[in-house]
Amino acid sequence: MPVVVIIYLLLLLSVSIVGMVRYNTLTVYGKVLAWSVVMVFVCNISNKFFSALYHNNAPILHTESILEFIFYSAIYFCLFKNKVTKVAVVASIIAVTLFFCYNAIVLQPFGAVFPTNIYLATLSLFTIFSLLLFRQMLLYPLKINIVKQSVFWFNTAMLFYATTMFFNLGMTNYYSQHNWDNFIYYFWYFILCVFHIMIGIALLNDSQQVQLDS
Amino acid sequence: MEKVKALVYLTAGLFTLISGFVIYFVVLYRNRQLKNKQEQEKQQSAFRQELLKTRIEMQDQTLSRVSLEIHDNITQVLSFVKLNLALVNTPDEQQRTEKIAESRELVSQAITDLRDLSKSLSLDHITRQGLVKTIEAEAARLTKSGVIKADLATTGEIIPLGEQRELVLFRIFQESINNALKHANATDFKIVLQYIPEMFTLTLEDNGSGFSPAAASKGGGSGLKNIENRAALIGAVAEITSAPDRGCRIKVSLNPKTKDQYPNG
């Protein structure tokens with residue numbers, strides 16, 4: 001197993017442990033976030049098993065893509081204050097789930113193809129959600145320092161992940177044509193590592209007490 | 001090689017864009033925090049000033065009431081005692097005993113009145129006794145003095161609303177009593193304090209001459225405006241309803257759970 005994958009899995013395990021150890025002190029949003037990291041970790045481990053046993057990890061990637069969207073959307077649902085935005089988040093979950101079914105059956109078969117369509121759709125939605133949350137943060141600023149705010153780290157992580165991964169997916173064909181598959185590979189893990197480091201910081205900063213005090 | 005360069009530039013550009021956006025957001029956020037802090041300080045300063053004004057007004061009103069009470073009541077009682085004592089020299093033993101007994105009773109009454117007055121002179125009693133007891137004492141005093149018949153009703157479990165908010169509420173009560181006596185010539189005054197977990201309401205109702213709200217707002221109506229402003233200061237809402245010959249009703253509502261915003265709340 002390449003070193004970068006081992007590093008990433010160790011990082012995921014550490015962030016999962018942080019989330020579970022601090023679970024009782026976390027807010028509702030933090031609890032969902034902690035479970036999302038555990039889910040990503042389990043999916044990644046299953047992914048390695050599927051790759052080794054069946055030489056096909058597409059079913060796991062399909063499952064991870066939709067679970068990831070549901071978890072992160074649920075977090076945004078908890079964080080948004082505006083009712084219309086909350087309804088839009090729920091509507092997007094329904095729409096993406098329907099699209100996921102259609103994509104898995106017709107466009108990019110569940111057991112055979114990497115679900116780029118789902119990723120492109122969900123990453124675009126994550127970018128919109130993160131920008132909307134940044135706007136909400138500006139409208140209702142808290143008293144505490146922004147770098148000590150869990151939501152800031154989570155949202156920055158989401159913006160970083162959604163935009164860079166979108167860029168990466170958009171450039172995939174180009175990289176393949178020029179035999180830069182290694183670049184895709186390392187860039188992919190670099191994005192995921194940075195994303196989960198920021199998620200780890202978000203989990204370390206999240207606390208019910210801080211939410212009450214602010 | 002050129003393509004590698006272009007890709008590196010593109011990737012670097014993307015990272016710069018994201019970092020730039022986040023830095024810009026942080027700067028903007030800090031500016032908002034600073035602006036909010038300044039606004040909050042400004043509000044707190046206005047709150048403190050208004051509170052000071054309220055305290056001074058309360059002291060003024062209390063002093064003028066005490067002065068009136070001493071003049072109309074205690075001085076009269078003591079003059080009567082003096083007169084009685086002047087008649088003690090009479091040779092009639094029974095009359096002398098009666099006069100002394102009467103004087104003792106009057107002095108005792110004067111002492112009680114003076115004790116009540118000394119209690120009302122201190123603004124701390126609202127802190128010690130709370131809003132309900134203070135209003136109760138004031139209502140009893142008003143009824144006893146005969147200027148107006150004040151009835152108090154309290155419902156729900158009494159919870160402290162915070163010293164400053166209770167002080168402002170008491171001042172609103174005083175202001176409405178003033179209006180009822182000076183402008184409305186009311187004879188009855190109803191006070192209802194309603195405590196429910198999410199809402200506290202103070203209702204003050206008189207049977208005076210009333211007024212047309214439109215005419216009152218045209219004529220300035222600074223007393224009523226003061227009540228509304230003071231209520232807003234403690235996060236409450238004051239509703240004033242009145243009509244000519246139909247008395248006046250002031251309802252102040254506030255959420256007791258928002259008290260952490262107010263100092264000493």
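Residues numbered from 1 in each chain as written. Chains lettered and ligands numbered in written order. Predicted model: local features only at pLDDT ≥ 70, side-chain atom pairs only at ≥ 80, totals over all residues.

Undergrad: Describe in detail the overall build of chain A, supporting the description with residues and values.
TA: Looking only at helices and strands, chain A features eight helices and zero strands. When the elements of chain A are put in sequence order from the N terminus, they spell out α-α-α-α-α-α-α-α. Burial status across chain A gives 34% buried among its 214 residues. In chain A, 71% of the contacts between residues at least 6 apart in sequence involve partners at least 24 apart. (Helix = DSSP H or I, 4+ residues; strand = E, 2+ residues; numbered from the N terminus. Buried ≥ 20, exposed ≤ 12 C-beta atoms within 10 Å, placed from the backbone. Contact = placed C-beta atoms within 7 Å.)

Undergrad: Provide a residue-level description of the overall build of chain B, including the pertinent values.
TA: Of the regular secondary structure elements, chain B holds six helices and five strands. Along the chain direction, N to C, the helices and strands of chain B fall in the order α-α-α-β-α-β-β-α-α-β-β. For chain B, restricting intrachain contacts to residue pairs at least 6 apart in sequence, the fraction spanning at least 24 positions comes to 71%.

Undergrad: Tell me about the nonpolar core, and name the residues and values.
TA: All names here are of chain A. By size, the foremost hydrophobic cluster in this structure holds 48 residues, and its most contacted members are Leu33, Ala157, Ile199 and Ala202. For this core, the secondary-structure elements that each account for two or more residues are helix 1 (3-21), helix 2 (28-54), helix 3 (58-79), helix 4 (83-107), helix 5 (116-139), helix 6 (150-177) and helix 7 (181-205). Take this core: its biggest share by element is eleven residues, from helix 6. (Core = buried A, V, L, I, M, F, W, Y, C linked by C-beta atoms within 7 Å.)

Undergrad: Quick one: what's the story with helix 1 of chain A, residue by residue and with numbers?
TA: Residues and elements named next belong to chain A. Over its 19 residues, helix 1 extends 27 Å from the first C-alpha to the last, a length consistent with the 27 Å expected when each residue adds 1.5 Å. Buried within helix 1 are the following residues: Leu11, Leu12, Val15, Ser16 and Gly19. Looking straight down helix 1, one finds its buried side chains confined to an arc of 135 degrees; they lie on one side. Across from the buried face of helix 1, at angles greater than 90 degrees, the exposed residues are Val3, Ile6, Ile7, Leu10 and Val21. Buried residues along helix 1 sit against helix 2 and helix 7. (Expected span 1.5 Å × (residues − 1). Arc of directions from axis to C-beta.)

Undergrad: Give a description of helix 6 of chain A that names residues and reports values.
TA: Residue and element names in this part refer to chain A. In a regular helix each residue adds 1.5 Å, so 28 residues correspond to 40 Å; helix 6 covers 40 Å between its end C-alpha atoms and thus fits that length. The largest bend in helix 6 amounts to roughly 45 degrees and is located at Met171. One or two positions beyond helix 6, positive phi appears at Asn179, with a value near 55 degrees. (Bend = angle between axes of the 7 residues up to and from the residue.)

Undergrad: Before we move on, can you summarise the interface of chain B and chain A with the specific residues and values?
TA: Contact with chain B, which involves twelve residues of that partner, is made by twelve residues of chain A. A per-class count over the side of chain B that touches chain A returns seven nonpolar, two polar and three charged. (Nonpolar A, V, L, I, M, F, W, Y, C, P; charged D, E, K, R; others polar.)

Undergrad: Can you break down unusual backbone geometry residue by residue, with the values?
TA: All names here are of chain B. Non-glycine residue Asn185 carries a positive phi angle of around 50 degrees. Mapped onto the fold, Asn185 is located in the loop between helix 4 (163-182) and strand 2 (188-196). The phi dihedral of Asp245 is positive, around 65 degrees, even though this residue is not glycine. The residue Asp245 is located in the loop between strand 4 (237-242) and strand 5 (248-254) in this model.

Undergrad: Report on the confidence of the model for chain B, specifying residues and quantitative values.
TA: Per-residue pLDDT for chain B has a mean of 84; in total, 91% of the residues score no lower than 70. Across the predicted assembly, pTM comes out at 0.67 and ipTM at 0.85. (pLDDT = per-residue confidence, 0-100.)

Undergrad: Provide a residue-level description of the pairing of strand 5 of chain B, including the pertinent values.
TA: Residue and element names in this part refer to chain B. Judged by which residues are buried, strand 5 turns out to be one-sided: Cys248, Ile250, Val252 and Leu254 face inward and are buried, whereas Arg249, Lys251 and Ser253, on the alternate face, are not. Relative to strand 5, strand 3 (residues 199-206) runs antiparallel, the two sharing seven bridges. When the sheet's bridge partners are listed, Thr201 is paired in strand 5 with Ser253. The sheet contact formed by strand 4 and strand 5 spans six bridges and is antiparallel. When the bridges of strand 5 are listed, Ile240 appears paired with Ile250. Following strand 4, the chain reverses through five residues before pairing antiparallel with strand 5; Asp245 in that reversal takes a positive phi of roughly 65 degrees. (Pairing = 2+ DSSP bridges.)

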